[in-house]
Every structure is written in C-alpha cells, then in structure tokens.
2 protein chains.
Amino acid sequence: MESVTTLMAIGGAMDQEDATLMREFIRRAGGPAAKIVILPQASELADTGAQYVSQCLELGAGQAVALEFRRREAAGSPEQLEAIRTASGIFLTGGAQMRLATILGGTTLEAELLQAYRRGCLVGGTSAGASILSKTMIAYGKSGPTPRERIVQFSPGLGFTDRFVFDQHFRQRDRLGRLIYAVAAYPAVLGVGLDEDTAVVVEADAALTVYGSGAVTLVDGSQIRHTDIAEVENKGPVAVSNLRINLLTHGCRFINGQVIFPDKTSP
Amino acid sequence: MESVTTLMAIGGAMDQEDATLMREFIRRAGGPAAKIVILPQASELADTGAQYVSQCLELGAGQAVALEFRRREAAGSPEQLEAIRTASGIFLTGGAQMRLATILGGTTLEAELLQAYRRGCLVGGTSAGASILSKTMIAYGKSGPTPRERIVQFSPGLGFTDRFVFDQHFRQRDRLGRLIYAVAAYPAVLGVGLDEDTAVVVEADAALTVYGSGAVTLVDGSQIRHTDIAEVENKGPVAVSNLRINLLTHGCRFINGQVIFPDKTSP
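Residues numbered from 1 in each chain as written. Chains lettered and ligands numbered in written order. Predicted model: local features only at pLDDT ≥ 70, side-chain atom pairs only at ≥ 80, totals over all residues.

**Re the overall build of chain A**
What chain A contains, in helices and strands, is seven helices and 15 strands. Relative to the 2.2 N^0.38 estimate, which gives 18 Å for 267 residues, the radius of gyration of chain A is 18 Å and therefore close to what a compact globule would have. Restricting the contact set of chain A to residue pairs at least 6 apart, pairs at least 24 apart contribute 75%. (Helix = DSSP H or I, 4+ residues; strand = E, 2+ residues; numbered from the N terminus. Rg over C-alpha atoms; globule rule 2.2 N^0.38 Å. Contact = placed C-beta atoms within 7 Å.)

**So, the pairing of strand β3 (residues 63–66) of chain B**
Residues and elements named next belong to chain B. Only one face of β3 is buried: it carries Ala64 and Ala66, and the other face, with Gln63 and Val65, is open. The sheet contact formed by strand β2 (residues 35–39) and β3 spans four bridges and is parallel. Each bridged residue has a counterpart across the sheet, and for Ile38 the counterpart in β3 is Ala66. For the crossover from β2 across helix α2 (residues 48–58) to β3, the handedness is right-handed. (Buried ≥ 20, exposed ≤ 12 C-beta atoms within 10 Å, placed from the backbone. Pairing = 2+ DSSP bridges. Right-handed = clockwise from strand over helix to strand, strands pointing away.)

**A few points about the confidence of the model for chain A**
Model confidence for chain A is summarised by a mean pLDDT of 95, while 98% of its residues fall at 70 or above. This prediction of the complex comes with two scores: 0.90 for pTM and 0.84 for ipTM. (pLDDT = per-residue confidence, 0-100.)

**Notes on the sheet that holds strand β13 (residues 244–249) of chain A**
Residues and elements named next belong to chain A. The strand order across the open sheet built from four strands is β8-β9-β12-β13, with neighbouring strands paired in mixed fashion. Bordering the open sheet on either side are β8 (164–167) and β13, each of which pairs with just one other strand. With strand direction ignored, the average angle separating the axes of adjacent strands in the sheet is 20°. Two elements, strand β12 (residues 215–220) and β13, share six bridges in a ladder whose sense is antiparallel. Bridge assignment links Val219 to a residue of β13, and that residue is Ile245. Contacting β8, β9 (190–194) and β12, helix α7 (residues 176–185) crosses the sheet at an angle of about 160° to β9. (Axes fitted to C-alpha atoms, helices over the stretch in contact; angles between N-to-C directions.)

**A word on the sheet that holds strand β3 (residues 63–66) of chain A**
Residues and elements named next belong to chain A. Strand order in the open sheet formed by nine strands is β3-β2-β4-β5-β1-β10-β11-β14-β15, and the pairing between neighbours is mixed. The open sheet terminates on both sides in strands that have one partner only, identified here as β3 and β15 (258–260). Going across the sheet, the axis of each strand differs from the next one's by a mean of 20°, ignoring polarity. The sheet contact formed by strand β2 (residues 35–39) and strand β4 (residues 89–92) spans four bridges and is parallel. In the strand pairing of β4, Leu39 is matched with Leu92. Where helix α1 (residues 20–29) meets the sheet, it contacts β1 (6–10), β2, β4, β5 (122–126), β10 (198–203) and β11 (207–212), and its direction lies at approximately 135° from that of β11.

**So, the pairing of strand β10 (residues 198–203) of chain B**
The side chains of a regular strand alternate, residue by residue, between the two faces of the sheet. Residues and elements named next belong to chain B. With respect to burial, β10 is a largely interior element, five of its six residues being buried. Both strand β1 (residues 6–10) and β10 contribute to a ladder of five bridges, which runs antiparallel. In the strand pairing of β10, Leu7 is matched with Val202. Counted along the chain from β10 to the antiparallel partner strand β11 (residues 207–212), the turn is three residues long, and its residue Ala204 has a positive phi close to 55°.

**Quick notes on the relation of the copies chain B and chain A**
Expressed as a screw operation, the relation of chain B to chain A combines 0.0 Å of axial shift with a rotation of 180°, fitting to an RMSD of 0.0 Å. Given the turn and translation reported, the copies of this chain are related as if by a two-fold rotation axis. Considering only C-alpha atoms, the part of chain B nearest the rotation axis is Phe154(B), at 2.5 Å. A shared binding surface is used by both copies, with 100% of the interface residues of chain B retained as interface residues in chain A. (Least-squares fit on C-alpha atoms with pLDDT ≥ 70 in both.)

**Details of the packing of helix α3 (residues 78–85) of chain B against helix α5 (residues 108–118) of chain B**
Residue and element names in this part refer to chain B. Packing of α3 against α5 brings their axes to within 9 Å, and their N-to-C directions diverge by 10°. For the element pair α3 / α5, the angle class is roughly parallel. The segment α3 lies against α5, with Gln80, Leu81, Ile84 and Arg85 engaging Thr108, Leu109, Glu112, Leu113 and Ala116. (Parallel < 35°, antiparallel > 145°, perpendicular 65-115°, else oblique.)

**Notes on the interface of chain B and chain A**
Of the residues lining the interface, 34 residues belong to chain B; the matching set on chain A comes to 34 residues. Only α4 (97–104), β7 (152–156) and α7 (176–185) of chain B provide two or more residues apiece to the side of chain B that touches chain A. Looking at side-chain class alone, the side of chain B that touches chain A contains 14 nonpolar, 11 polar and nine charged residues. (Nonpolar A, V, L, I, M, F, W, Y, C, P; charged D, E, K, R; others polar.)

**Some remarks on the nonpolar core**
Ranked by internal contacts, the top residues of the largest apolar core, which has 182 residues, are Ala9(A) and Ala9(B). Dropping the residues within four chain positions of it, Ala9(A) is found in contact with Gly125(A), Ala130(A), Leu133(A), Phe166(A), Val192(A), Leu194(A), Ala199(A) and Val200(A). (Core = buried A, V, L, I, M, F, W, Y, C linked by C-beta atoms within 7 Å.)

**Examining the environment of Gln172(B)**
Residues and elements named next belong to chain B. With respect to the element layout, Gln172 can be found in the loop between β8 (164–167) and α7. Take Gln172: there are 14 C-beta atoms within 10 Å of it, and that puts it in the partly exposed class. If we ignore the near neighbours within four places in the chain, the residues touching Gln172 are Asp195 and Glu196.

**Notes on unusual backbone geometry**
Residues and elements named next belong to chain B. Its identity as a non-glycine residue notwithstanding, His169 has a phi of 45°, on the positive side. Relative to the elements of secondary structure, His169 occurs in the loop between β8 and α7. At Asp197, a position not held by glycine, the phi torsion is positive, near 55°. Its place among the elements puts Asp197 in the loop between β9 (190–194) and β10.

**Describing the environment of Glu203(B)**
All names here are of chain B. With respect to the secondary-structure elements, Glu203 resides in strand β10. The exposure class of Glu203 is partly exposed, given the 16 C-beta atoms found within 10 Å. Expressed as a C-alpha distance, the spacing of Glu203 and Lys235, which sit 32 residues apart in the sequence, is 37 Å. Here Glu203 is in contact with Val4 and Thr6, once residues within four sequence places are set aside.

**Observations concerning the environment of Ser134(A)**
Residues and elements named next belong to chain A. With respect to the helices and strands, Ser134 occurs in the loop between α6 (128–131) and β6 (136–141). Along the sequence, Ser134 and Gln115 sit 19 residues apart, while their C-alpha atoms lie 16 Å from each other. In this structure Ser134 touches Gly157, Thr161, Phe164, Val165 and Phe166, once residues within four positions along its chain are discounted.

Written out as structure tokens, the structure is:
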C-alpha cells in the first residue's frame, strides 16, 4: 500500500516570532513524537543546521538533527541513511538550490530521501529548499511581471513531484513573469508562487492547503490555447492565451482544479 | 506485466543515402507490420511530416502517418489519440524542442504518448526530437569544450526518461562543455552526446546500443566527488572532479555502467 505523500513548500523569510509555519511542519511530523532531519546543504552558513535544530526542539519536536556536510563525496554515509530511514520529517533549508542538486543528485542519500517521501515522511523546504522539491526546478531568473524569453533558467531538482513548479520570495521579488514563463514552457506543471512567510502543503501530489501571512499564486496553464514562447528571441515579451490564475491565502485549499475557501462562519 | 520500453535518440543530420538510422527505426517498429506516427511539431517547415511519411513507406514501413497541427489547442483530437494508441513506432522530428514542449505539454496527447511508450511502442526522435525525450532537457546553450556558468539552459521535456539527458549535433557544434555542465548540475542523469548521423537505442531505460557513422559521448557523473558549479558566477569556468567519459561507436553497448565492444571476430 502506498502511503499519502506530503510536501511542504515555504516561500522563505519565515516569521520567527509566531513561527506559524515551523509549528505546522512540526505538528505534521508528529510533534512530541517527531524525528526531524535538517538538510542545510543549500546554505553557505555553518550554523544554519544547528539553528533549525534548536528551533525545532524549542517548538516541541521530539528529536531533531542536522546532517552536516557540504561535498558530494560525503553524501550517503550509513549514519546519514539511517537518520533518513527513521525520520518523520525532513527539512531542506534556504540558500542556493544548485548546491542541493549538485551535492545530493545521484547519491544513495538522494534515493533514500525519495523513498522516505514515498513511505509518508513529511518533506519540507524553504526558499531554495522549496524550489528543489520539483523535478524540473527554477534555478535562476530575472524579476518583472511580464514573461520574457529566457527570463527563467531551469535545472533538474530532486524530483519529489513533477506536477508542480515552485517559486519563492514571490511578490517580494516580483517573480510573476518568470513563473508564467515556466508554466508556458511546459503547461503540464502547475506554477506555485510562494510569498515570503507563506507555505503550501501538498498531499498525495494533488491537494493543496495554504498557510501563513502572505498569498500563494497558482498559475494554471492546462487550458493554454497557444503561446509564441518557442519563437520569441532577444529577451522579447512572450504571448500566452488563456492562462488561469488563483490567489490563495491562509486556510484556502485547491483540489481537482477547484478553490475551497475556509469556512469563516465556523467558530 | 510491464513491456520493455525502447527509445531511439538521434543526433540530427541523418545520412539520407544509406538511411541506416531510419532503417533501424523501422525495423524495430515492425518493418512491414509497422504503424508509424510522425510528430513534426518541432519543425517550422510545412512539409516535414510528409517527407518522413514518404521515407518510411519507401524504406518498407507498413503504414506511416503524420499528425499535422502546430497549436496547443489542436492537440488531443480523437483521431490523434487513436493513431497513437495503435502505433508501433512514434517519431519526433527536428526543429525547436521548445515547440514540442509548449504544444504537447499537459495535453491528453502527451499522456497518450507516455502510455504508448510504457506499453512498448518504440519512441524515436532526431535533434530537437531527441532532446525532448528527457524529463529535464537541454533547451538552449552555448558551444565550447569547457563547462561555464549558465552555458546551458534546461527546460522540462516530455519525460520519457529521467535517467538520461540527450544532446545532439554533438561534436559538430562543440557541445562537450554544456553536456558536462548538465551532468554536474544534477549527477543523477547520464549525459548522452549524440554526433550527427548517430543514434543510441535505450532499452528498459537502462541498456544502450549505438548506431551510425559518428560517436556517442557518455558523460557519467555518478562518481563526482565535488564541483563548484553552484558558486561560479559571471560565466566563469566550472571545476568538476572525477567525471568519467566513454566514447561509443556503431555496435557498442553500455549496460550497468560497462561498455561492451562489438565482436569483430564473428562473421
């Protein structure tokens, strides 16, 4: 039997005071019974892993450890694999998503992460850690609301899902243009633009729930009739017809293409 | 039971006189019993589909048709889906791979193509049609033997395989640098550089056989110890340690990481 898979993608810059998003992550990982593994490889800072471990324990997680290494040749030790095998929550920190792809891609540790996800272990990430969750991720790009030729650079991600492409720091860094480009380039994926301090939980690779203080912008290309994206040159603007956009805030859900608003009338 | 899947990726500029590669494609699709469907969407030229249909019939294919449309809104008609359902070979022509991704991505026709592949239908493509076979494909890039920051632009492909990334016109356009970059960026994939008039057949997403007048360059990143690809800026050169390269020519095979040379002593 397949367990229900769960991803939690966070748009970066989490509010550290109310810590709504990390509380939700810990709750879903089991709270006092949670065994959380932090992967800080995206970060350039040496204390990123330790900081997340402290925060998780303060917020009531049963156990939390960080796997500290920064080179591909160090990925996949027996201790690391055992930590992943017994984890109830795995968290990928911010930084540069290309570091995660190059350090973890094609290692036994990566295979173990995918297996943990499939058995039902919660997998979360913020900023670079959110981008890397996609099979083909947004690696780099430029700002602006208009999609333009080559405004976005893709790269292969860890591939927990191939149905969504996540972008982060979304409105703060004005990234609608690049997310529209990403969806128009391959309309099979749903574009998920995550504002800072805002998250989406994806269950069974299909059902979305939004948390946090900002919004999630969903760019749906499934009904696109035509685009000239393959013809445009020299960073010119790209035409796309019949895109659909949904803007979701805390408590909103998105299931089978339908938005479900939270019931404000309930106590 | 799962059938054996088969891909045939061709490096472009096929020799039209001996037609070794198209003969092999037709032979594997069933020869006189073959039912071949040509997808010319990558091409800007109106007669590309018709030319391939003529060639397939001349070379002895039982049936051949081209699905002629160039806009996403026209993808997925009942006639198209029926043609794919009953095909023994599907062929994607050259042109621009972004056209294939934008016209077919997320349509019912794309889903039918993937299903045909899984049931054992041969899927082949040349040039852009080879690139698009990968889950994350090389969409654009620059020439040169040295991998440099952003030398390659990826984009999502149709995703018949996520274990290989194909590049084409390989030595003719001096693309070793960009293929090394693509592999270093995500070492889980094996880089396959296809010279012109040269092809690789991939069986069961694992076993490779080479055909044609040039070579296939395999860039294997599985043993990479370290790379600075996430740190390099401003198009600087990228360092990578412990890459492995294999150069295969007509008749060579590559199975489980081992090269098998053709037995020249047999008659």
